[in-house]
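# Geometric and topological summary
The primary structure of each chain is shown beneath.
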Amino acid sequence: MTGQDARTDRGTRTDTGENTSKGASKGATLGSRARRLRPLGGLLAAMAVALTGTRVSAVALPWFVLVTTGSATQTGLVAFCEMTPYVVVKALTGPLVDRAGPRVVSWSTDAISAAAATAIPLLHAAGLLTFPVLLALVAVIGAVRGPGDLAKEIMIPEAAERARVPLERATGLSGVTERLASTLGPAAGGFMVALLGPLTGLVLNAVCFALGSLIIAFALPRGMGHPADDAPAAAESGYWRRFGEGFAFLRGEPLLLTIIVMIGITNLLDAAFGTVLLPVWAERSGNGPTAIGLSNSVWGATAVVGSLVAAAVAHRMPRRVVFFAGFLLAGAPRFLVLAADVPMWAVLAVFVVSGAGGGFLNPILGAIAFERVPPGLRGRVNALGDAMAWAGIPLGGLIAGAAVAWSGLVPVLLAAGAAYFLTTNLAALLPQWREMDRLRGRGAQRSPAADPIT
């Protein structure tokens, strides 16, 4: 009996040890996976809070200006003073991001944005916020947002490699983050402004910038987001020479140049659609402003779904086919359905399909750019590319407004839809598009996988 008890006790101790070993192994595996996903998760979290704050501010700031000044002109001037420095400074700070490293640029610019955003409600409460001071603060926010957004963007490839996920999946998740912020941020901003007033929205914007700065500074692994290996040598060549290297690289990349030109044209058409054509259609059709919000919400929600699907499967699909199919759905149909004078349910059905197609575009575009641009040039090249692609946005509304006044809404919708189709689909016949899949799966030249994950 004693021997049997002893054998039972030894057996029990052995089983317990095996279970403990298995549990420890499982815990270690989960811990390793969490550490591996920390770079991408932290970066996406920082992007999410910063973008959400910006979208809340896009509702709160114009409303604040309207209720305090009563002037639509001054409201438009505030928007101009934010976006113009954003585009210009983003284009010029590419060499700085490459030299200093995207991490320090991201957290420092977010900290400056938080300070400037905090100053607006504080100065207003103290009775010191004049309109020129407001314009100056808004210009500061726009100027530092440009390089801050750029810095987060160019950390995506390194985060993807550290997390060991396909680049399309990482860029897809980045697109999901941006679209969710664009969908939920304005809704939260509108609710907050209606319930608590516009100053509360501006305070939330400052809090989001501060939180994004802290995440980038302290939550990411220590070795992430540093300058590329060739940055010290490049820094000796001087700012303007490094700036010119970005232009020189783009001139030698026909595919990237073609993409930038095409996106520049579609951005202009999208700006015309969102700022003039859709509102004019809503007013003249009798559907009212509710139709604008409903159409944009439907498009944004299905774009989120499309981005999630792209994040899961896009790395297994042929890029060229998916890319142009996505543009075929996302572009011209929106213009044509408004010109067709159909019921509202049909308009929403088209926007559902259009948003789903649009969700596949950014993951592919981001992956192509990151694969083709060396790490040491990403700041310069991405900054120039973004500035060129955004250059037509301020002109979209001006051109559309003049065209509608001259020829009417339906002809402009038909012409814009045709221009979108020709730009995005007939352009596929150009030979450079065959390069879309040639470098697929190529990681950054410096692999951070060998760095310790801390």
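For clarity, every value in this text was computed on a predicted model and none was experimentally measured. Residue indices begin from 1 for each chain and proceed along its sequence in written order. Restriction of local features to residues with pLDDT of at least 70 applies here, the model being predicted, together with a cutoff of 80 or more for giving and counting side-chain atom pairs; totals for whole chains, interfaces and linings are based on all residues. Each side-chain value is derived from all of the structure's non-hydrogen atoms; neither hydrogens nor water enter the calculation.

## Some details on the packing of aromatic side chains
Put simply, two rings from Phe, Tyr or Trp (the six-membered ring, in Trp's case) pair if the centres are within 6.5 Å, and we call them stacked under 30 degrees between planes, edge-to-face over 60, tilted for the rest. Applying the stated criterion across every chain, the model contains five aromatic pairs. Consider the rings of F273 and F335, whose centres lie 4.9 Å apart with planes at 65 degrees: the pair is edge-to-face. Within this pair, whereas F273 is found in helix α11 (residues 254–285), its partner F335 is found in helix α14 (residues 332–339), the two being separated by 62 residues in sequence. Residue burial is assigned from relative accessible area. The probe radius is 1.4 Å, only protein chains are included, and a residue is buried under 20% of its type maximum, exposed over 50%, and partly exposed in between. Judged by its relative accessible area of 0%, F335 falls in the buried class. Considering the side-chain rings of F323 and F324, the 5.0 Å spacing of their centres and the 85 degrees angle between planes classify their relative orientation as edge-to-face. Its relative accessible area of 0% is what places F323 among the buried residues. F324 sits in the buried class, given a relative accessible area of 7%. Here the aromatic cluster, defined as three or more aromatic residues joined through ring pairs, consists of F273, F335, F351 and Y420. For a lysine, the NZ atom is tested; for an arginine, the CZ atom; a charge sits over a ring if that atom is within 6 Å of the ring centre and within 35 degrees of the ring normal. Note that R334 overlies the ring of F273, its terminal NZ or CZ placed 4.9 Å from the centroid. The secondary structure listing takes helices from DSSP runs of H or I that are at least 4 residues long and strands from runs of E that are at least 2 residues long, numbered from the N terminus.

## Considerations on the pattern of salt bridges
Criterion for a salt bridge: a side-chain nitrogen of Lys or Arg within 4 Å of a carboxyl oxygen of Asp or Glu. Counted by the stated rule, this structure contains five salt bridges. Residue K152 pairs with D110 through a salt bridge whose shortest N-O separation is 2.8 Å. Pair noted here: K152 is in helix α5 (residues 131–154) and D110 is in helix α4 (residues 102–125), with a separation of 42 residues, a long-range link. Two residues, E158 and R162, come together in a salt bridge whose shortest N-O distance is 3.2 Å.

## Here we look at a nonpolar patch on the surface
Residues form patches when they are more than 30% accessible in relative terms and have no salt bridge. Like charges link within 9 Å. Nonpolar side chains (Val, Leu, Ile, Met, Phe, Trp, Tyr) link within 5 Å. Accessible surface area values rest on a Shrake-Rupley calculation with a 1.4 Å probe, where residue burial reflects the displayed protein chains alone. Taken together, the side chains of L328, F421, L422, L426 and L429 make up a nonpolar region of the molecular surface, amounting to roughly 480 Å² of accessible area. Topologically, L429 is positioned in the segment after α19 (409–424).

## Focus: empty space enclosed by the protein
Think of a 1 Å grid over just the protein atoms. A cavity is a set of points where a 1.4 Å probe fits yet cannot get out, a pocket is an open set with protein on both sides within 12 Å along at least five of seven lines, and lining residues have an atom within 4 Å of a point. Grid points are joined across faces, edges and corners, and a volume is the space filled by probe spheres set on the points. Going through the model one piece at a time under the given rule, you end up with five cavities of 30 Å³ or more. Estimated volume of the second largest cavity: approximately 50 Å³. Forming the walls of the second largest cavity are S57, L61, E82, A117, I120, V138, I141, L202 and N205. At the level of secondary structure, the elements contributing two or more residues to the lining of the second largest cavity comprise α1 (2–69), α4, α5 and α8 (198–219).

## A closer look at the nonpolar core
Within soluble globular proteins, side chains that are nonpolar generally end up buried alongside one another. We define the nonpolar core as a collection of buried residues of types Ala, Val, Leu, Ile, Met, Phe, Trp, Tyr and Cys that are connected through side-chain atoms lying within 4.5 Å of one another. Counting 54 residues, the largest nonpolar core has L277, W281, F323, F335 and L338 as the members making the most contacts within it. Of all the elements, α11 adds the most residues to this core, at 15 residues. Judged by nonpolar contacts, the second largest core, of 20 residues, contains V49, L167, I215 and I216.

## Observations regarding the packing of helix α13 (residues 319–330) against helix α16 (residues 361–372)
Whenever a helix is involved, its axis is fitted only over the stretch in contact; in every case the axis is a line through C-alpha atoms, and angles between N-to-C directions fall within 0 to 180 degrees. In contact at an axis separation of 9 Å, α13 and α16 are set at 140 degrees when each is read in the N-to-C sense. When the axes of α13 and α16 are compared, the pair comes out oblique. The two elements α13 and α16 meet at a crossing, and its hand is left-handed. Side by side, α13 and α16 meet where R319, V322, F323, G326, F327 and A330 of the first sit next to L361, I364, L365, A367, I368 and E371 of the second. In these notes the angle categories are as follows: under 35 degrees is roughly parallel, over 145 is roughly antiparallel, 65 to 115 is roughly perpendicular, and the rest is oblique. By convention the crossing between two helices is left-handed if the near helix lies anticlockwise of the far one by an angle smaller than a right angle, and right-handed if it lies clockwise. Any two residues whose heavy atoms approach within 4.5 Å are treated as being in contact.

## Structural notes on α13
In this analysis, the expected span of each helix is defined as 1.5 Å times one less than the number of residues it contains. An ideal rise of 1.5 Å per residue puts 16 Å on 12 residues; α13 measures up with 16 Å between its terminal C-alpha atoms. Here α13 has its buried residues at R319, V322, F323, F324, G326, F327 and A330.

## Some thoughts on α5
Between its first and last C-alpha atoms α5 spans 35 Å; for 24 residues at 1.5 Å apiece the expected length is 34 Å, and the two agree. The sharpest bend along α5 reaches about 25 degrees and sits at R145, with the proline P147 one to four residues further on. To get the bend at a given residue, fit one axis to the seven residues ending there, fit another to the seven starting there, and take the angle between those axes.

## Observations regarding the packing of α14 against helix α15 (residues 344–358)
Relative to each other, α14 and α15 sit at 175 degrees, their axes nearing to 9 Å. With respect to each other, α14 and α15 are oriented roughly antiparallel. When α14 is examined against α15, the residues P333, R334, V337 and L338 are found in contact with a partner set consisting of A346, V347, V350, F351 and S354. Partitioning the contact of α14 with α15 into residue classes produces seven nonpolar, one polar and one charged. Each residue is assigned to one of three groups, with Ala, Val, Leu, Ile, Met, Phe, Trp, Tyr, Cys and Pro labelled nonpolar, Asp, Glu, Lys and Arg labelled charged, and all others, Gly among them, labelled polar.

Remember that the coordinates give geometry; whether it matters functionally is a separate question.
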